[in-house]
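Observations on chain architecture
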Amino acid sequence: MANLEWVCVPRCYEVRKNRLAGQATLDHPLKQRTVTVVDSNPLARALEGTDPLSQFARQDEELNDPLTQMVNEFDIKSKRRERDRVEPEDNTLQWSSRRLGILNRFTTNEKLSLSTSFLVASGSLDGGSDSSIKAQTVVADKTKYRLEQLDHFDDGSMRHMMDLTQQEYIQRFEQLKQELIQSWHNDQRVKALKIAIQCAKMLADTTVLQFYPSQYVLITDILDVFGKLVYERLRTKASGDPAASAAMLEREREAARDTCQNWFYKIASIRELLPRLYLELSIFKCYEFLTSSREEYERILQRLTHQLRGIADPLVSSYARCYLVRMGVTLTPSKTYIRENFSDLFIIYPQIFRFVARFNLHPEIVTASSYLQLYAPAFDYMLLCLVHKCELHTQDMLNECKQLKNNGAILMSILSSFKPEFIATNALEFIELINASDTPGISKSQLLRSLGSSVSSCAPLQEQRISFLKAAFETINKLTDPNEYINCVETWAVFVSQYFTVHEVNRLLGELNARMCLGKAYEKHYSQLQNILTKIMQNYRSIELLLIQLNFLPYLDLFQKESVRVEVCKNILSFYKQNSEEYTCDAVVTNALMYLGKILNDSVNALTVEDERRQISQLINVFIHKVNFGRDLEQQLSFYVEARGTFSNLDAVYVTLVQAACKLATRNRSKSTGFVKACIAYCFITIPSIGAVQQQMNLYLLCGQLALQHLCLGQADACFEAALHLVNELPAATVDLDGKPRSLERFLVSYMCNVLATLVVVPDSPEQGVLYFLRLLLEVIGRHEFKADSTAPCIIYLHSLDMLYVQSLEKFPYHIKGVVSNDDLYGHDPKFLQEINNLCAQVVDAILLQLKALGAAQQQRSQAELALELFLRIVRYADLEKESVAQLAVNLWHLANKAQSQLDVKTLPQTLRSVELLYKQVKDASTPQAQAIAKLLMRMRNS
C-alpha cells in the first residue's frame, strides 16, 4: 500500500451531541408511591376482584414477602424495646469481670496436686450408684440411702493426683464441674454435695502460694454452680403449677421451705469449718425461701463473719471473707457486715507481716512483694463493695489505714478501689501517707503508680495541682532504682500532659533525659520510654507545641537502637498526621519534622519491604502537604528543594514533591513565567531520580501540560520529548500488590492517547520541523517491542490518525489560551496539509502491517474489529474519490465480513448505519464526497 493516495477531506457537517431532556421533580424517582382508593360500593369491589377472599389472599402474599416480614418484626422489636426499657444494670460488682484477670495474673510453673474421689477411670466411685439411685422407688428407702451415702465418706477412696501442671490442674477442675452438673441432673444430689465439699476443702491448701488466687477462682466457680443448681431446684419447687389451687400452691411452697431447711441442715453437719462456711455461703441466696427480712440476712452474715474468725491462715481467711461479701451484696445493700469484716481483718493484719518476715528470710519460696500481691484481689473487691453507692465509710477507712502499721497493702487497695473523685479531693493527704509508708514488700513506687493512675482520670483542685505535683515528684526523683523510677514516670506522664502546660511536660522530658542517661539506663527501658512519649502525645492538646520544646528532640536520642528509633519516629508522625493543625509554617516545627523524616528515610535500604516503604512515604507525604508558607511561594519552593535532598530514598515522596511543585506553579498570582519556569525546572530535575518508569512518564506529561498552560513552550517541549524517550524503557509487565505480573500495554495505550490529545494544541518548534513530536511518537511505537498478538500498536496508530485529521482542519476543536497552535501557525498551508497526508498514509501502512500480523497470529476477532475501526476512519477522514482509498475501504469491509461469525451480531449492521448517517450529513454540503460514499454503500450492500 505504498501508493496509497491519502487526502484528508474537510469536515462539512456539524458535530452534535444528543442530550437527554431533563425534567424537574419534587419526589425521588425511586420513592415508593402508595395510592389509597376508598370505595364504599361492595359490588364494585367484588367485580374488581377485591372481595374478602381476594383480600385474604393478598394479605397472605404480603406476609410471605421476606422484606415485609423483616420490617414488621423490626417495628415490633422497636416497640418492645421502648416498652421494656429499664435502667441499665450496674455491673461494677460483678465478679465475673475480674476472674479472667486473676487467672491471667496469678500463674505458676510449680507442680500442683489435687485430691478427689470423683475423677477415677470408671467415672463412678461406688460402682453402679447411678442405677442404685434410680432403682429406689420408695421415698423412705431413697432418703435412707442418701443418708447412708452422706455418712459413708470413705477417705480411703480418695485419689491423690500429684505433679499436675497448671493447665492440667485447670482441666481437672473443669471435669469436676461437669461431674457435679451431671450428677445433679442424674438425681445424685448427695454426690454433687460431696464434690462441692471436697472442692471447698481444697481452699485450705496454700502449698503453692502464688497460685492461690487462681485456685480460689476455679473452686468458687464450682461452688457457684452448686449454689445455682440448689436455688433453681427450690425456686421451681416453690413456684408449682400455675393452674393449681391456692391451697396446693401453699403446700408446694411449704415443701420448698422444708427442702431448703434440709439443705442447710446437711451443710451444718459438715465437721470442718472451712467447707461448712463455703457451702453455706454458696447457697446463701436460698435463705430467701426461709425469710424475706433484710435484718435476718444481716444477722446471718454477721454470724458467718464471726465464724470466719476461726480460720487461722490470713490468706485463706481474707478470701473467705471476700466470698462472704460476694454472696452478701446480692441480697442486702447493708454495709455493716462488710465493715465488721474489715474490723476483724485489721486485727489479724499484723499476722500477715509475720509471714512477710519469714519470706524475707527465704525469698526462694516467694518474695514478700509477691506474697502481699496475693491479697490484692480480695482486698480490692471487699473495699469496692464497701464504698459502692455509699461513701460513708471512705473517710473512716482512710483514717484506720493511717493507724495501721505497715499499711501499704491496704493503701494500695484503697487507691485501686475508691473513686478517683475522693482520691483527688484528698490528694495531698495521700501523698503524705505514701511518703510516710514503710511497708515490707510494698514499695513507694507501687503506691505512687496507683496514685498517678487515679489522678490521671480525675485531677485535684486547680489550686492544689502544682503543690501536689511537686510533692509527688520529690518522692519519685528520690527513687534510686531506674526500673522503679521509669515505671512511676510512665504512669504520671498522663497526669502531667493532661492537666499542665507544655513547660511542665518539657521539664519532665528533661528530667527523663538526665536520669536515663546515667549508666545508659535507657538501653533496658526502651518500651517504657516509648510508652511515655505515646501517652504525652495522646493527652497533650498541641503536637506542634511539643515539637518545638527544647527537650523533645534530645529525648529521641535516648533511643539508640535503630529499629526502636524508627518506630518512635513513625509514631510521632502518625500523631502529627491525626492531631496537627491543617497547615503549618513554623520553621522550628518544620525542621523537627524534617529531622524525624530523615531518620525514617535513612532507615530505608535495599532490604526494606515494600509495605514499610509505603508506610514511611505516606507519613512523610502528609507532613509535606501540611507545610504551607502562604503567599511566600519562593520559600515554599525552597522547602521542596530541601526535602528533595533529605528524602532521597523514597520514590513516593519524590512523586509528591513534583506534584506539589506543579500545584505551586498554579498558585502564581503574579502571572510571572520566571517562577513557573523555576517550578518546572525543579520537576524536570527531580523526575529522573524516580525509579518507576510509569511514574516518570506521567509526571513528565503533567509538567509539560503545566508548562504549555503557562506559555513556557521550551520547557513543555523538553518534558514531552523526555516522556516519549522513556517509552522504550517501560517494562513489559509490573508486579501488582498480590505479587502477580500485570501487563503494561493497557497503560501505554491510555498514556499515548493522552499524549496525542495534548499534542493537538502543541505548536511546532522552528528547530524541530513539522509535527516533530508526532513523528517521534510514531518512531518510538515502531521500535517498541509488543507481543505478536497485541492490539496495542494498532490502537495507538488509529488514535494517531485521529490526531492527524484534527491537524488538517482549519480550526482545531480546542485551544489553550495564549498558545498559537498549528491551525493559526500554518494557516492551513498546502505544504503543511501535504505533510499531514503523507503521515496519514504512513500510519495506515503501519496499521495494515499490524492487521496482517494479527491474522498470522490467528486473532481474527481482533483483526476484524480493528479493520472496522480503520474503515470508519477512512470513510470519515479520507477522500473516497481516490480509487486506492476506496478500494482499501472495501477490502477492510470484506475482511470484517469474513470474520462475521466471531463478531457481535450488531457490529456490522451498526457500522453500515454509521456510514449511512454520514452520507445524510454530507450529501447537501459536499456532493463529490457524498457520491463517493454512496458508491461505497452500494459495494458494501452488494457484499
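For clarity, every value in this text was computed on a predicted model and none was experimentally measured. (Residues numbered from 1 in each chain as written. Predicted model: local features only at pLDDT ≥ 70, side-chain atom pairs only at ≥ 80, totals over all residues. Heavy atoms only, no water.)

Within the chain, the regular secondary structure consists of 44 helices and four strands. Considering only intrachain contacts with a sequence separation of at least 6, the fraction spanning at least 24 residues in the chain is 74%. Counting only carbon and sulfur atoms, one obtains 51% of the accessible surface of the chain, whose full area is about 48600 Å². (Helix = DSSP H or I, 4+ residues; strand = E, 2+ residues; numbered from the N terminus. Contact = heavy atoms within 4.5 Å. Areas by Shrake-Rupley, 256 points an atom, 1.4 Å probe, with all protein chains shown as cover.)

What follows deals with the confidence of the model for the chain. Close reading of the predicted structure is inappropriate where its pLDDT is low. Chain-level pLDDT for the chain is 85 on average; 86% of the residues reach the 70-or-more range. Residue range residues 79-89 is modelled with pLDDT below 50. Its contacts to residues more than four positions away, or to other chains, number two contacts. Contacts for the low-pLDDT stretch residues 150-156, under 50 throughout, to residues beyond four places or in other chains number five contacts. (pLDDT = per-residue confidence, 0-100.)

Trp6 and Trp492 are the most contacted members of the largest nonpolar core, which totals 308 residues. Setting aside anything within four residues of it in sequence, one finds Trp492 in contact with Leu448, Arg449, Leu451, Gly452, Val455, Phe468, Leu469, Ala472, Phe473 and Ile476. (Core = buried A, V, L, I, M, F, W, Y, C linked by side-chain atoms within 4.5 Å. Buried < 20%, exposed > 50% of the residue type's maximum accessible area, 1.4 Å probe, protein only.)

Moving on: helix α30 (residues 610-626). Compared with the 24 Å implied by 1.5 Å per residue over 17 residues, the 25 Å span of α30 between its first and last C-alpha is a close match. Among the residues of α30, those classed as buried are Ile616, Ser617, Leu619, Ile620, Asn621, Val622, Phe623, Ile624 and Lys626. Of the surrounding secondary structure, the elements contacted by the buried residues of α30 are α28 (562-579), α29 (587-602), α31 (633-646) and α32 (651-666). (Expected span 1.5 Å × (residues − 1).)

Its identity is not glycine, yet Lys520 carries a phi of approximately 50 degrees, on the positive side. The residue Lys520 is located in the loop between α24 (502-516) and α25 (526-539) in this model. Assessed through its relative accessible area of 48%, Lys520 is described here as partly exposed. The backbone of Gln858 shows a phi angle near 60 degrees, a positive value even though the residue is not glycine.

On to the packing of aromatic side chains. Across all of its chains, the model carries 41 aromatic pairs by this definition. With centroids separated by 5.3 Å and ring planes inclined at 85 degrees, the aromatic side chains of Tyr371 and Tyr375 adopt a geometry described as edge-to-face. Grouping aromatic residues by their ring pairs yields a cluster made of Phe468, Phe473, Trp492, Phe495, Tyr499 and Phe500. Here the guanidinium or amino end of Arg515 rests over the ring plane of Tyr485, the centre of that ring lying 4.3 Å away. (Phe/Tyr/Trp six-rings, centres within 6.5 Å; stacked < 30°, edge-to-face > 60°. Lys NZ or Arg CZ within 6 Å of the ring centre and 35° of its normal.)

Okay, α29 next. The end-to-end C-alpha distance of α29, which contains 16 residues, comes to 22 Å, matching closely the 22 Å that a straight helix rising 1.5 Å per residue would cover. Taken residue by residue, α29 has Val589, Thr590, Ala592, Leu593, Met594, Leu596, Gly597, Ile599, Leu600 and Asn601 as its buried positions. Buried residues in α29 make contact with α26 (543-547), α27 (552-556), α28, α30 and α31. The backbone nitrogen of Val588 lies 2.8 Å from a side-chain oxygen of the residue at the head of α29, namely Asp586. (Polar contact = N/O pair within 3.5 Å; in protein donor to acceptor, adjacent residues only side chain to side chain.)

Moving on to a nonpolar patch on the surface. Taken together, the side chains of Leu545, Ile548 and Val588 define a hydrophobic patch exposed on the protein surface, amounting to about 220 Å² of accessible area. The exposure class assigned to Leu545 is partly exposed, which follows from its relative accessible area of 35%. (Patch = residues over 30% accessible without salt bridge, like charges linked within 9 Å, V, L, I, M, F, W, Y side chains within 5 Å. Salt bridge = Lys/Arg side-chain N within 4 Å of Asp/Glu carboxyl O.)

Now for the side chain of Ser800. Topologically, Ser800 is positioned in helix α38 (residues 792-807). Taking relative accessible area as the criterion, Ser800 reaches 0% and is therefore assigned buried. With near-sequence residues (within four places) excluded, Ser800 lies in contact with Leu756, Leu774, Leu777 and Leu778.

Moving on to the environment of Thr108. Here Thr108 shows up in the loop between α4 (96-105) and β1 (112-116). Among the residues examined, Thr108 registers a relative accessible area of 7% and is labelled buried. Separated by 106 residues in the primary sequence, Thr108 and Ser214 have C-alpha atoms spaced 9.8 Å apart. For Thr108, the residues in contact, after removing those within four places along its chain, are Gln166, Val208, Gln210 and Phe211. There is a polar contact of 3.0 Å between the side chain of Thr108 and the backbone nitrogen of Glu110.

Before going further, it helps to spend a moment on the state of the cysteines. Under the definition given, this model contains zero disulfides. This cysteine, Cys260, is not joined by any disulfide, and Cys286 carries the nearest cysteine sulfur, 5.2 Å off. Residue Cys260 is classed as buried on the basis of its relative accessible area of 1%. Between Cys662, a cysteine without a disulfide, and Cys703, which holds the nearest cysteine sulfur, the sulfur-to-sulfur distance is 3.7 Å. (Disulfide = S-S within 2.5 Å.)

Glancing now at the pattern of salt bridges. Applying the stated criterion across every chain yields a total of 30 salt bridges. Note that Glu272 is salt-bridged to Lys201, the shortest N-O span being 3.3 Å. Residue Glu272 is located in the loop between α10 (246-268) and α11 (273-282), and its partner Lys201 is located in helix α8 (residues 189-201); the two are separated by 71 residues in the primary sequence. A salt bridge links Arg873 to Glu869; the shortest N-O distance between them is 2.9 Å. Taken together, the positions of Arg873 and Glu869, both in helix α41 (residues 860-877) and four residues apart, correspond to about one turn of that helix. We classify Arg873 as buried; its relative accessible area is 10%. Judged by its relative accessible area of 35%, Glu869 falls in the partly exposed class. Bridged by salt links that share partners, the residues Glu250, Arg253, Glu254 and Arg257 form one connected network.

Here we take up the packing of α11 against helix α12 (residues 294-307). Across the interface, α11 lies against α12 with an axial gap of 11 Å and an inter-helix angle of 160 degrees. Taken together, the axis directions place α11 and α12 in an arrangement best described as roughly antiparallel. Where α11 crosses over α12, the two elements pack in a sense that is left-handed. Contact residues: Leu273, Leu277, Glu280 and Leu281 in α11; Ile300, Arg303, Leu304 and Gln307 in α12. Looking at side-chain class alone, the contact of α11 with α12 contains five nonpolar, one polar and two charged residues. (Axes fitted to C-alpha atoms, helices over the stretch in contact; angles between N-to-C directions. Parallel < 35°, antiparallel > 145°, perpendicular 65-115°, else oblique. Left-handed = near helix turned anticlockwise from the far one by under 90°. Nonpolar A, V, L, I, M, F, W, Y, C, P; charged D, E, K, R; others polar.)

Running from N to C, helix α21 (residues 444-457) and helix α22 (residues 462-476) point in directions that differ by 150 degrees, and their axes come no closer than 11 Å. With respect to α22, the axis of α21 lies roughly antiparallel. Here the hand of the crossing between α21 and α22 comes out left-handed. Every residue of α22 that contacts α21 at Lys444, Leu448, Leu451 and Val455 is listed here: Phe468, Thr475 and Ile476.

Before going further, it helps to examine the environment of Val208. With respect to the helices, strands and loops of the structure, Val208 is situated in the loop between α8 and α9 (212-239). We classify Val208 as buried; its relative accessible area is 9%. Taking the C-alpha atoms as reference points, Val208 and Ile365, separated by 157 residues in sequence, lie 9.3 Å from one another. Those residues in contact with Val208 that lie beyond four places of it in its chain are Thr108, Glu110, Lys111 and Leu112.

Time to look at the environment of Glu544. Summarising the element assignment, Glu544 is placed in helix α26. On the basis of relative accessibility, which here comes to 10%, the residue Glu544 falls in the buried class. Taking C-alpha positions, Glu544 is 9.5 Å from Thr590, a pair spaced 46 residues apart along the chain. Beyond its immediate chain neighbours, meaning those up to four positions away, Glu544 contacts Tyr576, Ser580, Glu581 and Val589.

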